[in-house]
Amino acid sequence: MSAGTIKAIDKHSVHQICSGQVVLTLATAVKELVENSIDAGATNIDVRLKDCGADLVEVSDNGKGVEEANFEGLTLKHHTSKLREFTDLIHVETFGFRGEALSSLCALSHLSVVTCHESCQVGTKLVFDHNGHLVQRSPHPRQQGTTVSLQQLFYTLPVRHKEFQRNIKKEYGKMIHILQSYCIISTGVRITCSNQNGQGKRSTVLSTSSSQSIRDNIGAIFGPKQLQSLLPFQQASPTENVIEEYCLSGADLPKQLFLITGFVSRGDHGVGRSATDRQFFFINNRPCDPVKVIKLVNEVYHMYNRHQYPFVALNISVASECVDVNVTPDKRQIFLQEEKLLLAVLKSSLISMYEAGVNKISLNFSSLPSASKIRPPHLTFTSMQIQNTSASDICQPATFKDSRTEPNAESLTQSPKTSVNLDSSSDITMAMPHNSVLELSSSEPDSYRTDVEDEIFGDSTSHSHPEGAESQTEQRPFDEDFSLIPDTKRARTEKQHFIIKPEPKDYSNNLDKSSLGVDSPVCLQRRKVPLQFSLQELAAKMKRLQDQQAHRAKEDLCYRRFKAKINPGENQSAEAELKKEISKEMFKDMEIIGQFNLGFIIAKLESDIFIIDQHATDEKYNFEMLQQHTVLQGQKLIAPQKLHLTAVSENTLIDNIDIFRKNGFEFQVDEDAQAMERVKLLSLPTSKNWTFGPADIEELIFMLSDSPGVMCRPSRVRQMFASRACRKSVMIGTALSVNEMKKLLVHMGEIEHPWNCPHGRPTMRHLINLDIIS
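Cut-off values and rules
- Residues numbered from 1 in each chain as written.
- Predicted model: local features only at pLDDT ≥ 70, side-chain atom pairs only at ≥ 80, totals over all residues.
- Heavy atoms only, no water.
- Pairing = 2+ DSSP bridges.
- Helix = DSSP H or I, 4+ residues; strand = E, 2+ residues; numbered from the N terminus.
- Axes fitted to C-alpha atoms, helices over the stretch in contact; angles between N-to-C directions.
- Contact = heavy atoms within 4.5 Å.
- Patch = residues over 30% accessible without salt bridge, like charges linked within 9 Å, V, L, I, M, F, W, Y side chains within 5 Å.
- Areas by Shrake-Rupley, 256 points an atom, 1.4 Å probe, with all protein chains shown as cover.
- Salt bridge = Lys/Arg side-chain N within 4 Å of Asp/Glu carboxyl O.
- Buried < 20%, exposed > 50% of the residue type's maximum accessible area, 1.4 Å probe, protein only.
- Parallel < 35°, antiparallel > 145°, perpendicular 65-115°, else oblique.
- Left-handed = near helix turned anticlockwise from the far one by under 90°.
- Nonpolar A, V, L, I, M, F, W, Y, C, P; charged D, E, K, R; others polar.
- Core = buried A, V, L, I, M, F, W, Y, C linked by side-chain atoms within 4.5 Å.
- Phe/Tyr/Trp six-rings, centres within 6.5 Å; stacked < 30°, edge-to-face > 60°.
- pLDDT = per-residue confidence, 0-100.
- Arc of directions from axis to C-beta.

Topic: the sheet that holds strand β9 (residues 230-232)
Phase 1: Strands sit in the order β9-β10-β13-β11-β12 across an open sheet of five strands; the sheet is mixed. What marks the edges here is a single partner per strand, and that holds for β9 and β12 (286-288). Between one strand axis and the next, the sheet turns through 20° on average, direction left out of account.
Phase 2: In this sheet, β12 lies alongside strand β11 (residues 279-283) in antiparallel orientation, the contact comprising three bridges. Counterpart to Phe-281 in the pairing with β12 is Cys-288.
Phase 3: Helix α5 (residues 168-185) rests against β11, β12 and β13 (312-317) of the sheet, and its axis sits at about 55° to β11.

Structural notes on a nonpolar patch on the surface
Phase 1: On the surface, Phe-533, Leu-535, Leu-538, Met-542 and Leu-545 cluster together into a nonpolar patch covering about 540 Å² of accessible area.
Phase 2: Tracing the backbone through its elements, the reader meets Phe-533 in the loop between β23 (527-528) and α15 (535-558).

Some thoughts on the pairing of strand β5 (residues 134-140)
Phase 1: Bridge count for strand β4 (residues 123-128) against β5 is six bridges, and the pairing is antiparallel. Bridged to Lys-125 within β5 is Ser-138.
Phase 2: Connecting β4 to the antiparallel partner β5 that follows it, the hairpin turn spans five residues, and Gly-132 within it adopts a positive phi of roughly 85°.

A short note on the sheet that holds strand β25 (residues 600-605)
Phase 1: Ordered by their spatial adjacency, four strands build an open sheet running β24-β25-β26-β31, and the pairing between neighbours is antiparallel. Edge positions in the sheet fall to β24 (591-596) and β31 (764-769), since each of these pairs with one other strand and no more. Neighbour to neighbour, the strand axes of the sheet diverge by 25° on average, direction disregarded.
Phase 2: Pairing geometry for strand β26 (residues 608-613) and β31, over five bridges, is antiparallel. The residue of β31 that forms the bridge with Ile-611 is Arg-765.
Phase 3: Against the sheet, helix α17 (residues 614-629) engages β24, β25 and β26, with an angle of about 70° to β26.

Comments concerning the side chain of His-615
Phase 1: Mapping His-615 onto the fold places it in helix α17.
Phase 2: Classification of His-615 by relative accessible area gives buried; the value is 6%.

Points about the packing of helix α2 (residues 26-39) against α5
Phase 1: Between α2 and α5, whose axes approach to 8 Å, the crossing angle comes to 25°. Between α2 and α5, the angle is such that the two are roughly parallel. For α2 against α5, the interelement crossing comes out right-handed. The residues of α5 that touch α2, namely those facing Leu-26, Ala-27, Val-30, Lys-31, Val-34, Glu-35 and Ile-38, are Glu-171, Tyr-172, Lys-174, Met-175, Ile-178, Leu-179 and Tyr-182.
Phase 2: Partitioned by chemical class, the residues of the contact of α2 with α5 number 10 nonpolar, no polar and four charged.

So, the nonpolar core
Phase 1: Counting 59 residues, the largest nonpolar core has Ile-45, Val-47, Leu-105, Leu-111, Met-175, Leu-179 and Ile-218 as the members making the most contacts within it.
Phase 2: Here this core gets 10 residues from one element, more than from any other, and that element is α5.
Phase 3: Counting 37 residues, the second-largest nonpolar core is a separate cluster that includes Cys-288, Val-300, Ala-344 and Leu-346.

Topic: the packing of aromatic side chains
Phase 1: Tallying each qualifying case throughout the model produces 11 aromatic pairs.
Phase 2: Taking 5.2 Å as the distance between ring centres and 70° as the angle between the ring planes, the aromatic pair formed by Phe-154 and Phe-164 counts as edge-to-face. Linking Phe-154 in the loop between β6 (145-151) and α4 (158-166) with Phe-164 in helix α4, this pair joins segments that are 10 residues apart in sequence. Of the two residues, Phe-154 and Phe-164, both sit in the buried class.
Phase 3: Summarising the aromatic geometry, the rings of Phe-587 and Trp-755 are spaced 6.0 Å apart at their centres and angled 40° between planes, so their arrangement reads as tilted. Placement of Phe-587 in the loop between α16 (571-581) and β24 and of Trp-755 in the loop between α22 (738-748) and β31 is noted, with a sequence separation of 168 residues between them.
Phase 4: An aromatic cluster is built from Phe-222, Phe-280 and Phe-311, whose rings are joined through pairwise contacts.

A look at the pattern of salt bridges
Phase 1: Counted according to the given criterion, the structure contains 21 salt bridges.
Phase 2: Here Glu-35 and Lys-31 are joined by a salt bridge, their closest N and O atoms 3.2 Å apart. Note that Glu-35 and Lys-31 are positioned in helix α2 at a spacing of four residues, about one turn of the helix.
Phase 3: Residue classification places Glu-35 among the buried residues on the basis of a relative accessible area of 2%.

Regarding the pairing of strand β29 (residues 679-687)
Phase 1: In this structure, strand β27 (residues 634-642) lies alongside β29, joined through five bridges in antiparallel fashion. Note on β29: the bridge partner recorded for Gly-634 is Pro-685.
Phase 2: Here strand β28 (residues 666-669) runs beside β29; their pairing, made up of four bridges, is antiparallel. In the strand pairing of β29, Gln-668 is matched with Lys-680.
Phase 3: Strand direction decides the pairing type here: β29 and strand β30 (residues 690-691), joined by two bridges, are antiparallel. Pairing of Thr-686 across the sheet is with Thr-691, part of β30.
Phase 4: Hairpin geometry of β29 and β30 is characterised by an intervening segment of two residues between the two adjacent antiparallel strands and by a positive phi of about 55° at Lys-688.

Examining the confidence of the model for the protein chain
Phase 1: Taken residue by residue, the protein chain gives an average pLDDT of 76. The fraction at 70 or more is 72%.
Phase 2: Across residues 359-520, confidence stays below pLDDT 50; counting only partners more than four residues off in sequence or on other chains, it has 254 contacts.

Remarks on α22
Phase 1: Taken together, the buried positions of α22 are occupied by Met-741, Leu-744, Leu-745, His-747 and Met-748. Relative to the axis of α22, the buried residues are bounded by an arc of 160° and lie together on one face. Within α22, the exposed residues directed more than 90 degrees away from the buried face are Val-738, Asn-739 and Lys-743.
Phase 2: Looking at the buried side of α22, the elements it contacts are β24, β25, β26, α17 and β31.

Here you go:
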């Protein structure tokens, strides 16, 4: 950067820069206009697009309209009726409040407004320039409300405009998803969206019916079939385990801070979705993207349905002073107080809802008939604290904590020998009875004892001292707190017992402590073993370490392209290196060295040696050929079948109908029918034992909405192709000639992704560079 005078950027450039950061996509533009309509009290909002929004975006409503006194400031930067000072942000309840949307849209498109205030008889048409200044006004017939029109969105930013037009189908799909969220949460508001391509017929994309119920809105957008798989959200208080997981203090938790309402999919397999395309979250009726909440909901759902994702529509109500919506220009990111409490409530509620529909196996534990042993059901010995100040007063009376069983200390001390079984289903905290000692009873060898056990109890047989080393023991009373936690792995593999034995009160001073073994209540065995240390050995080890580091540095300088090792943990790094260093043309230039173990091809490219899995390589080639060239045959249905697709999904299917035909699906399309009833299924693809259905159609629609016009296959079709490719490929154990091995290498240069097979097995790895070893 050259030195120069610091000057202010001119206002026009500032306006364009800031506007491009406020309105990023078609979805943002439509969102801002719809929010303005809802803030104006509209009960009927009509979104009209031309060429998916590339040519025209128009939003009409029947709201209050704009007063004549506000015409000049309507599109000026940071002009708003919602705020007067910064503190008003805490209690803002409208969608818009910063006065940036219309001003930014003026800078990015041709913007005009037709409005009629409730106090006026005739409407007015307003035309604004790119700086938001009113340049033309004229009478225009209109009922009460406002219509905002955007023509040629982003045309003032040439690079973004070109990218916008190139990806218009994807932009259109994202806009519809955002609009769906406002359709769901806006009860009492009728929202419709339609699109017209070229001079063709205008088609309705989605429509709601101004219902007062969120459930009705969901049915209007996604059809009655979606409603059949939904559960109403039932809020529950966070459980103790979840409170502990999120490190919350139960006593300090605010009561009724959050109120969560909405719907989620049932946990049954088959009722979920193959993608997260129908998940909507709201904070105080404002659509948002709470990342941690989204992650939590999907994680809990996968506990009950691991292969699918849920439909979600959840509204979280919270006091306005506990939430900050002024984080990003699109207001989709939100800061929230007591976020951990929200996550705890959500997790406990979802688990409670799904557990109610899961069959449980209850295990009944019966106590032993012997009066000398007590085995309370569902007790887990999690910790023991022993506090001693003298040999005469070793422990305090026992205390048990269990929701169902409360054995007292007398029942423990009356029996000559009491055993408490270690179970993993609940918690019990216990201190030893007065004048009792602790004994660990186990059938496992001493090698499984924990370090804590060895240190507390001592064991002369579990450790051996080297010859000539003097071991010293030190006896000291229990004057500190010790926590004994049984090994969790050991507790899973065998039953353990902590046995409490009463001991006589009086101990003889000349009592042989070694004869007590682990039962000694008085002393703690501690060993002191002298360690040998040599500065010469330390210096020699340091020199060897420095030599190794220097050798590695020399290798890196000589050859840095392939550093990933042949290790499952480094597969991603290895593939990235191969993708960067090996081009398709290089495969035919590789020299065949030979075949290793009848399963791997050893090839050389300049100074690099590679190993290639012959089966995985051939399988990937055959798989991609099947993907590209196979046209699945369809099986005619007896009668056309209704699919109950949303209007957006219908449009995606119609626009990509050739791709569906290549996948074996045939449809009957009626352009004049109502939305959600325009497409009927005529035939389904079948192939030997493989059958496909509407779920595969929905998956394909989702894939095409993200990548329109790109040839793709449903996951089950990919599985079928992968199975076929595997069976027809060269197997491990097959001897290959040089020509056959060369053919496999040439095939690797003819496919798009040659680095792993459809089942995830690596096809090729770098072995060594000959320049290093020479």
